[in-house]
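These are the residues of each chain, in order.
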Amino acid sequence: MLETVWFVLIAVLFVGFFFLEGFDFGVGMLLPFLGKDDLDRRVIINTIGPFWDGNEVWLITAGGAMFAAFPNWYATLFSGFYMALFLMLLALIGRGVAFEFRSKVSHPAWRKTWDWVIFFGSLLPPLLWGVALANLMKGVPIDENMNYVGSFWDLISLYSVTAGVSMVLLFLLHGSLFLTLKTTGDLQNNARSVAMGIGAWTTVLLLLFVVLSYIQTDMFTRNGINPGAVPVLAGLALFSVQFFLRNKKDGWAFIMTGLTIVLSTVTVFTALFPRVMISSINSDFSLTIHNAASGPYTLKVMTIVALTTVPFVLAYQIWNYWVFRKRVSRADHLDY
Amino acid sequence: MDHLDLARWQFAITTIYHFLFVPLSIGLVFLIAVMHTLYVVKKEDVYKRMAQFWGKLFLLNFAVGVVTGIMQEFQFGMNWSDYSRFVGDVFGGPLAVEALVSFFLESTFLGVWIFGWERLPKKVHLASIWLVAAGTTMSAFWILTANSFMQEPVGFAIRDGHAEMVSFGALLSNPQLWLEFPHVVFGALATGALFMTGVSAYKLLRKQQLDIFKPSFSIAIVVALISSILVAIVGHDQAQHLVQSQPMKMAASEGLWETSGDSAPWTVIAGIDVSGQKNDFSLEIPGLLSVLSYNKLTGQVQGIKDLQAQYEAQYGPGNYIPPVRTTFWSFRIMVLAGGLMVLLGLYGTIAVMRKRLERQKRYLRWMVPAIGLPFIANTAGWIMTEIGRQPWIVFGLQKTEDGVSPTVSSAMVLTSLIGFTLVYGILAAVLIYLFVRTIRQGADEEGVHPADEENAKQAHEGALAETEQPLPAGTF
């Protein structure tokens, strides 16, 4: 019972991470391209300035929760996807300091360097998470001791790359809509044009991902042709983005990409449940919420801690977004 | 080197590096919160400028501390998967709580503090920096809860070959934790304070912005003195506990091969012959090790050889002796650095109280390199703590060699070791460059924000300045 609760909680943490850091990754990817001059780029960074660090904690908490609630999942996943995680950590390290370092020196070469660090630091994590999620759904070589026995290249396939690119595009769309909401004038118009431009590609790629999922994973054998309401709604939400954009309902468009991210992530976790990592060698070697979990006592303690702290976290994070709700423009005092 | 050695090097390098930044962050944020409070209470702009100047250095430092901390969390899974499986049930708990309770708090409210200067009511904004300070301190608490379990496992039972938590309360009341936590936090306060006095001394010597750096020095030197003394006192308590909980670490940190007589002398320096299991020479102070261990002049302290025999009987054949030289010298380096910190703090506090600080040119010149002392002490302290625990990763439960990831190749560990070391090296170089640059620039002058000037210029040169727009109708 508590194992299921923690599976859901970890799913929620990933949903939060993808939804929130999704847009700041997107903004980071757009930084070198949308900013005409340095002031524009500073405006772009300041739109996510007060938020990105708090957003990243969703991932760190998901990692901590996995460690505490499903130590075997944590151990197998991060030792197994070693090189992918290594690259992601380098990306997050570079990105994290770049926001702080960039503004300290005004030399153009200095700023350009950190702009590209932010770009790659925002591009790699969604790409790698997409690849990782596809492999989680498809299954990877895991032996009877719960150890991943494949190599880094075993993780790369048409299917996993499609997932990675879809994730990048989805976050790019999400980020451009966030910018549309948070900026003014030319920058806002350009951000909206980007969203219009990539919306269709995102839809196509995600559809391809869904089709490949039916072929590559056991979603079809488990659920039949009808995938249920959640993925269908995810698709519909994505379709509606273009409609809202044409009518300049940017807020709704942003909510719709957010909804797509949320529902897609839910679909992935539903496809996994009750497994957390599928063994492609032998389904008996798969990690499930039962054989990967901590003892009932730990789960109980952690549940109490989570139930008492999460409402506060949500409250002050929402308050944070409320405090800094205003649009950022070139005439503002910019902190970064 | 095999993947075990590489994984250990990676852990040592990334952890020591991470812990250069953490104590400075914890110490600085507390001092900044004090300055910010003085600003809100006294309404004098100088305190705001102080808080903002030190805030700049804090933010640079914090950024590196945070990003290297992400690595720390995932490293257990990457390189130490068997360790993670074995104790994840117990060890993962505090880590998850750290993220939930501390990381969210500090990262969210740090954003509020940076961007909230002109946007929030003064008291709400002040609360944000105190919440960041609370977050960083709680973060230390939870990570030390996890570390204390590795030093002194409590609140668990072994079931199906792995450790399961049976009492969260026992983890939280671990005696090791309640010595380690104050030791680390006071050490962190001393680190922040000595950093602040060092930078202030540099500015005072150049007679720059005395209005900012004289009060900064005065506040920080008092904190430096008090926290350095408290670190030493708690350290003494820790040593006494160590004799009970990890006597081998104690013996190794003293280079004590043979069990002592009834009054144990303290070895100041020694030539340690590890293979011969003896000291070639040593300089000793009679009775002091007994004082260190039991708070009195008598009391026997067990030696390495006896403990080795005892552990073999308890845990089976094997080598239970940690690297003695490293443990011995790191302890002495820590104590020496700490002692110097107390002396410098005392001298400076007296100079400030007698209002004779600016005349103390030589002292001020010494205070600049003295910035390094707490960093040396912190690093040496952790080396002693972690190396002294070897060969155990969790004392008495799992050996380090059994915790490593079985299917991760040495090539992979080597790649990431080189990658992280390179990136960390670059970060260090950039950070030092930015520190020096920010310190040279000094605090902003009253009412002028250089960034805004630059902005205004660019905005005029470029397109027409746009005014802030509310959300247009029809957004939703």
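Residues numbered from 1 in each chain as written. Chains lettered and ligands numbered in written order. Predicted model: local features only at pLDDT ≥ 70, side-chain atom pairs only at ≥ 80, totals over all residues. Heavy atoms only, no water.

**Concerning the overall build of chain A**
A count of helical and extended segments in chain A gives 12 helices and 2 strands. Order of helices (α) and strands (β) in chain A, N terminus to C terminus: α-α-α-α-α-α-α-α-α-α-α-β-β-α. Taken against the 2.2 N^0.38 rule, which gives 20 Å for 336 residues, the C-alpha radius of gyration of chain A at 20 Å falls within 12% of a compact globule. Once the C-alpha set of chain A is aligned to its principal axes, its extents read approximately 60 × 40 × 35 Å. (Helix = DSSP H or I, 4+ residues; strand = E, 2+ residues; numbered from the N terminus. Rg over C-alpha atoms; globule rule 2.2 N^0.38 Å.)

**With respect to the pairing of strand E2 (residues 162-165) of chain B**
Residues and elements named next belong to chain B. Relative to E2, strand E1 (residues 156-159) runs antiparallel, the two being bridged by 4 bridges. The residue of E2 that forms the bridge with arginine 159 is histidine 162. Linking E1 to E2, which pair antiparallel, is a turn of 2 residues; within it aspartate 160 sits at a positive phi near 50 degrees. (Pairing = 2+ DSSP bridges.)

**Focus: unusual backbone geometry**
Looking along the chain, the bond that leaves Phe273(A) and enters Pro274(A) is cis, with omega of 0 degrees. Counting through the fold element by element, Pro274(A) comes out in the loop between helix H11 (250-272) and strand E1 (275-277). Cis geometry is adopted by the peptide bond preceding Pro391(B), which originates at Gln390(B) and carries an omega value of 10 degrees. Its location among the elements puts Pro391(B) in the loop between helix H13 (372-387) and strand E5 (392-394). Residues other than glycine seldom take positive phi values, yet Gln277(B) does so here, at roughly 50 degrees. Mapped onto the secondary structure, Gln277(B) falls in the loop between strand E3 (266-273) and strand E4 (278-285). For Gln277(B), a relative accessible area of 26% gives the class partly exposed. (Buried < 20%, exposed > 50% of the residue type's maximum accessible area, 1.4 Å probe, protein only.)

**Comments concerning the pairing of E3(B)**
Residue and element names in this part refer to chain B. Bridging between E3 and E4 involves 7 bridges; their strand directions are antiparallel. Pairing of threonine 267 across the sheet is with glutamate 284, part of E4. What sits between E3 and E4 in their antiparallel hairpin is a turn of 4 residues, with glutamine 277 showing a positive phi close to 50 degrees.

**What to know about the pattern of salt bridges**
Residue and element names in this part refer to chain A. Taken as a whole and assessed by the stated rule, the structure comprises 25 salt bridges over all chains. Note that glutamate 21 is salt-bridged to arginine 95, the shortest N-O span being 3.7 Å. Linking glutamate 21 in helix H1 (residues 2-34) with arginine 95 in helix H5 (residues 82-102), this pair joins segments that are 74 residues apart in sequence. As far as the burial class goes, glutamate 21 and arginine 95 line up, both buried. With a closest N to O distance of 3.2 Å, lysine 104 and glutamate 100 form a salt bridge. (Salt bridge = Lys/Arg side-chain N within 4 Å of Asp/Glu carboxyl O.)

**Structural notes on the confidence of the model for chain B**
Residues and elements named next belong to chain B. Put simply, chain B has an average pLDDT of 90, and 93% of its residues get 70 or more. Scored below 50 in pLDDT, residues 462-474 makes 19 contacts in the model with residues more than four places away or belonging to other chains. Scored as a whole, the predicted complex attains pTM 0.91, and scored at its interfaces, ipTM 0.91. (pLDDT = per-residue confidence, 0-100. Contact = heavy atoms within 4.5 Å.)

**Focus on the nonpolar core**
Side chains of a nonpolar character, in soluble globular proteins, are inclined to be buried together. By size, the foremost hydrophobic cluster in this structure holds 263 residues, and its most contacted members are Phe14(A), Phe70(A), Trp73(A), Phe101(A), Trp54(B) and Phe217(B). Considering each element in turn, this core owes the most residues, 20 residues, to helix H3 (residues 81-115) of chain B. If we ignore the near neighbours within four places in the chain, the residues touching Trp54(B) are Ile32(B), Met35(B), Phe195(B), Met196(B), Val199(B), Ser200(B), Phe213(B) and Ser216(B). Membership of the second largest hydrophobic core comes to 14 residues, among which are Ala251(B), Leu307(B), Val324(B) and Trp392(B). (Core = buried A, V, L, I, M, F, W, Y, C linked by side-chain atoms within 4.5 Å.)

**Quick look at the UniProt feature "transmembrane region" (unreviewed entry) in chain A**
Residues and elements named next belong to chain A. According to UniProt, the "transmembrane region" (unreviewed entry) feature falls on residues 6-35, 81-101, 113-136, 156-181, 193-216, 228-245, 252-277 and 297-319. Annotated as residues 193-216, this span is 100% helix and 0% strand, and its ends, taken at the C-alpha atoms, are 35 Å apart. Spanning residues 252-277, this segment combines 81% helix with 12% strand, and its end C-alpha atoms are found 35 Å apart. (UniProt positions renumbered as here; feature names shortened; annotations may be inferred.)

**What about the packing of H1(A) against helix H3 (residues 52-69) of chain A?**
Residues and elements named next belong to chain A. It is at 8 Å that the axes of H1 and H3 come closest, and there the two elements cross at 160 degrees. As far as their axial angle goes, H3 and H1 are roughly antiparallel. Here H1 and H3 pass one another in a crossing that is left-handed. Listed contacts from H3 to Trp6, Ile10, Val12, Leu13, Phe14, Gly16, Phe17, Leu20, Glu21, Phe23 and Asp24 of H1 are Trp52, Asn55, Glu56, Trp58, Leu59, Thr61, Ala62, Ala65, Met66 and Ala69. Looking at side-chain class alone, the contact of H1 with H3 contains 15 nonpolar, 3 polar and 3 charged residues. (Axes fitted to C-alpha atoms, helices over the stretch in contact; angles between N-to-C directions. Parallel < 35°, antiparallel > 145°, perpendicular 65-115°, else oblique. Left-handed = near helix turned anticlockwise from the far one by under 90°. Nonpolar A, V, L, I, M, F, W, Y, C, P; charged D, E, K, R; others polar.)

**Focus on the environment of Val194(A)**
Residue and element names in this part refer to chain A. Along the chain, the position of valine 194 falls in helix H8 (residues 185-216). Owing to a relative accessible area of 23%, valine 194 belongs among the partly exposed residues under this scheme. Each C-alpha atom of the pair valine 194 and serine 176 lies 6.6 Å from the other, and the pair is 18 residues apart in sequence. Leaving out residues up to four positions away in the same chain, valine 194 has contacts with Leu30, Leu34 and Ser176.

**Notes on the interface of chain B and chain A**
Every contact between the two is made by 87 residues of chain B and, on the other side, 85 residues of chain A. Summed over both sides, the interface between chain B and chain A buries roughly 7500 Å², with carbon and sulfur atoms accounting for 69% of that surface. The largest per-residue losses of area from chain B upon contact with chain A belong to Arg85(B), Phe104(B) and Phe115(B), which jointly make up 11% of the total buried on that side. Here chain B and chain A share 1 salt bridge between them. Put simply, Asp335(A) and Arg119(B) hold a salt bridge, and the shortest N to O gap is 4.0 Å. Residue assignment for the side of chain B that touches chain A shows that the elements contributing at least two residues are helix H2 (45-79), H3, E2, helix H5 (168-172), helix H15 (410-441) and helix H16 (450-461) of chain B. Counted by class, the side of chain B that touches chain A contains 51 nonpolar, 26 polar and 10 charged residues. (Buried area = accessible area lost by both parts, 1.4 Å probe.)

**A few points about the side chain of Lys399(B)**
With respect to the secondary-structure elements, Lys399(B) resides in strand E6 (residues 398-399). No salt bridge is formed by the buried Lys399(B). Its closest oppositely charged neighbour is Glu401(B), at 5.4 Å. (Lys, Arg positive; Asp, Glu negative; His and termini not counted.)

**With respect to the packing of aromatic side chains**
All names here are of chain A. Taken as a whole and judged by the stated rule, the model has 76 aromatic pairs over all chains. Where phenylalanine 7 meets tryptophan 73, the ring centres are 6.5 Å apart and the plane angle is 20 degrees; that geometry is what we call stacked. Remark: tryptophan 73 occurs in helix H4 (residues 71-80) and phenylalanine 7 occurs in helix H1; sequence separation between them is 66 residues. When sorted by exposure, phenylalanine 7 lands in the same class as tryptophan 73, which is buried. Ring geometry for phenylalanine 119 and phenylalanine 120: centres 5.0 Å apart, planes at 80 degrees, overall edge-to-face. (Phe/Tyr/Trp six-rings, centres within 6.5 Å; stacked < 30°, edge-to-face > 60°.)

**What to know about a nonpolar patch on the surface**
All names here are of chain B. On the surface, Ile269, Phe281, Leu283, Trp329, Ile333 and Ile376 cluster together into a nonpolar patch covering about 540 Å² of accessible area. Going through the elements one at a time, E4 and helix H11 (324-353) are the ones with two or more residues in the nonpolar patch. Within the element layout of this structure, isoleucine 333 appears in helix H11. The class of isoleucine 333 is partly exposed, set by a relative accessible area of 40%. (Patch = residues over 30% accessible without salt bridge, like charges linked within 9 Å, V, L, I, M, F, W, Y side chains within 5 Å. Areas by Shrake-Rupley, 256 points an atom, 1.4 Å probe, with all protein chains shown as cover.)

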